[in-house]
Amino acid sequence: MAEVKNKQVVLKDYVTGFLKESDLDLVENTITLKLPEGSNEILLKNLYLSCDPFMRNLMSDIGILEKFLPYAPGSPLFGYGVAKVLESGHPDYKKGDLVWGFTKWEEYSLVPSSRILFKIEHTDVPLSYYTGILGMPGMTAYAGFFEVGLPKKGEKVFVSAASGAVGQLVGQFAKLTGCYVVGSAGSKDKVDLLKNKFGFDDAFNYKEEPDLDAALKRYFPEGIDIYFENVGGKTLDAVLLNMRVHGRIVVCGMISQYNRAQPEGVTNLGNLIMKRIRMQGLAVTDYYPMYHKLVEYVVPKIKEEKIVYVEDIAEGLENGPAALVGLFNGRNVGKQVLVLARE
């Protein structure tokens, strides 16, 4: 089998401060589209790659994510993606299977079978959804809201970064559960999306609120039962002042902190004691054994149009660095997906 060209996005060097497009490089290598003799690995053609905030945490030489080693300078990034099996040395997968899991930021990848999380069974929804609503962000929203947040009908829910890959789903899950939900986002267009497309009861642009505590008191005069935390920093500090007794804070992400050399401190933690608040971190990898529950819950609702999902599509590996960096300045609207090929 002849070698073919294989474009890749690689990390130039470890990153300090804000991620820039110049920290990443587009290179071209070659790959032989045939498994090595006796290999039990999987040869993939990558179709859709997921741009996710956690990837920034892998760009320093300090490993801070369990189960993930930092990226190696000069090597391709890796993350979640949807791919087609070209050749398989593992009995669970065969040529032509569509799968999602961990893959590299390149056109073709040779990966261990353990990197593949699930075979794609439902092909009557867009394949790109397996980077989002039916992939890691969907599982994050489902497990975080239902398993960690433990919602009850009528409760008050606040979601930060609410128009993103996870937040847009948490808000819709909350409405389907009979909760009152408000989201924050960083532009008028995103606020309109939350209220008019995702069905949030209300939403606000945090950039136009000089006093976040006052804003939250305006939207939640009786306080917040569940806060789905995606940003950290000043927002978390203001939320702590507005939680109700026995409230729950689901700590999913802290995107405002990932590019900081020195994270912002949080000063209102005493409220955890006084209000008996449960604040719990969320690692989606703990919940993949219940992935079938997400599929059973979400797929019918997609088909019945009870849940909608917004994607921000970038085409081609050459646009990968800009798409990834855009996550941290709010350029994306919805789930950021990088399309390499559609079949």
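Preceding this paragraph is the structure being described.
It should be emphasised that the depicted structure is a prediction, and the values quoted were computed from it without experimental measurement.

Caption draft 1: Structural context of helix H2 (residues 167-176). The element H2 is largely enclosed, with a buried count of 8 among its 10 residues. Three or more residues of H2 are buried, namely Gly167, Gln168, Leu169, Val170, Gly171, Gln172, Phe173 and Ala174. Packed against the buried residues of H2 are helix H1 (136-148), strand S8 (156-159), strand S9 (180-185), strand S11 (224-229), helix H7 (291-303) and strand S15 (335-339). Among the residues trailing H2, Gly178 stands out with phi positive, at a value near 90°.

Caption draft 2: Broad picture of the side chain of Thr235. Along the chain, the position of Thr235 falls in helix H5 (residues 233-240). Excluding anything up to four places from it in sequence, Thr235 contacts Phe158, Ser160, Leu212 and Tyr227.

Caption draft 3: Spatial organisation of the packing of aromatic side chains. Using the criterion set out here, one finds 22 aromatic pairs in the structure. Seen from their ring centres, Trp100 and Tyr288 are 5.9 Å apart, and the 75° between their planes marks the pair as edge-to-face. Of this pair, Trp100 sits in strand S5 (residues 98-104) while Tyr288 is found in the loop between strand S13 (278-281) and H7, placing the two residues 188 residues apart along the sequence. With relative accessibility at 9%, the residue Tyr288 sits in the buried group. Members of the aromatic cluster, each reached through a chain of ring pairs, are Phe54, Tyr80, Trp100, Phe102, Phe118, Tyr288 and Tyr291. The ring centre of Phe78 lies 5.1 Å from the NZ or CZ of Arg115, which sits over that ring. The ring of Tyr297 has Lys301 lying over it, and the distance from NZ or CZ to the ring centre is 4.1 Å.

Caption draft 4: Summary view of the nonpolar core. Counting 85 residues, the largest nonpolar core has Leu77, Leu134, Met139, Phe173 and Leu324 as the members making the most contacts within it. Split by domain, the residues of this core number at least three in each of domain 1 (3-132 + 310-339) and domain 2 (136-285). For Phe173, the contacting residues outside a window of four places in its chain are Ala141, Tyr142, Phe145, Phe146, Tyr297, Val298 and Ile307. One finds Val182, Leu212, Leu216 and Ile277 within the second-largest nonpolar core, a separate group that totals 18 residues.

Caption draft 5: The arrangement of the pattern of salt bridges in detail. Applying the stated criterion across every chain, the model contains 16 salt bridges. In this structure, Asp97 and Lys119 form a salt bridge, with 3.6 Å as the shortest nitrogen-oxygen distance. Of this pair, Asp97 sits in the loop between strand S4 (78-88) and S5 while Lys119 sits in strand S7 (residues 116-119); the two residues are 22 residues apart in sequence, bridging distant segments of the chain. Residue classification places Asp97 among the buried positions, given a relative accessible area of 7%.

Caption draft 6: Fine view of the environment of Lys45. For Lys45, the position within the fold is in strand S3 (residues 42-50). Lys45 gets classed as partly exposed once you look at its relative accessible area, which sits at 24%. Filtering out sequence-adjacent residues up to four positions away, Lys45 remains in contact with Ala83, Lys84, Leu86, Glu107, Tyr108, Ala341 and Glu343. Engagement of the side chain of Lys45 in a polar contact is seen with the backbone oxygen of Glu343, the distance being 3.0 Å.

Caption draft 7: Just the sheet that holds S9, in detail. A sheet is described by the order of its strands in space; here 6 strands give the open sequence S10-S9-S8-S11-S12-S13, paired in parallel fashion. Every interior strand has two partners, whereas the edge strands, strand S10 (202-205) and S13, have only one. Here the average twist between neighbouring strands, direction ignored, is 15°. Sheet topology places S8 next to S9; 4 bridges connect them, and they run parallel. Residue pairing in the sheet places Lys156 in a bridge with Tyr180 of S9. Sheet strands in contact with H5 are S8, S11, strand S12 (243-251) and S13, and its direction is about 170° off that of S11.

Caption draft 8: Spotlight on the pairing of S5. Burial within S5 is extensive, with 6 of its 7 residues counted as buried. Inspection of the sheet shows S4 paired to S5 by 7 bridges, in the antiparallel sense. Bridging from a neighbouring strand, Tyr80 pairs with Phe102 of S5. Of the pairings in the sheet, the one linking S5 to S7 comprises 3 bridges and is antiparallel in character. Bridge pairing links Val99 to Lys119 in S7.

Cut-off values and rules
The numbers attached to residues start from 1 for each chain and follow its sequence in the written order. Only residues with pLDDT of at least 70 are given local features in this predicted model, and only at 80 or more are side-chain atom pairs given and counted; all residues enter the totals for whole chains, interfaces and linings. As a convention, hydrogens and water are excluded, and side-chain values are obtained from all of the structure's heavy atoms. Exposure categories follow from relative accessible area, calculated using a 1.4 Å probe and restricted to protein chains: below 20% of the type maximum is buried, above 50% is exposed, and the middle band is partly exposed. Secondary structure elements follow DSSP: runs of H or I no shorter than four residues count as helices, runs of E no shorter than two count as strands, and numbering proceeds from the N terminus. In this description, contact between two residues means that some pair of their heavy atoms is separated by no more than 4.5 Å. Here is the rule: rings of Phe, Tyr and Trp (six-membered ring for Trp) pair when centre to centre is within 6.5 Å. Planes less than 30 degrees apart are stacked, more than 60 are edge-to-face, and the remainder are tilted. Whether a charge sits over a ring comes down to the Lys NZ or Arg CZ being within 6 Å of the ring centre and within 35 degrees of the ring normal. Residues grouped as a nonpolar core are buried Ala, Val, Leu, Ile, Met, Phe, Trp, Tyr and Cys residues, joined through side-chain atoms within 4.5 Å. Domain start and stop positions are those given by an automatic or database domain assignment. Only one rule defines a salt bridge in this text: a Lys or Arg side-chain nitrogen within 4 Å of an Asp or Glu carboxyl oxygen. By the criterion applied in these results, polar contacts are pairs of N or O atoms within 3.5 Å in which, for protein atoms, one can donate a hydrogen and the other can accept it, and in which residues neighboring in sequence qualify only through two side-chain atoms. Any two strands are treated as partners once DSSP identifies two or more bridges connecting them. Where helices are involved, their axes are fitted lines through C-alpha atoms of the stretch in contact, as for all axes, and angles between N-to-C directions lie from 0 to 180°.

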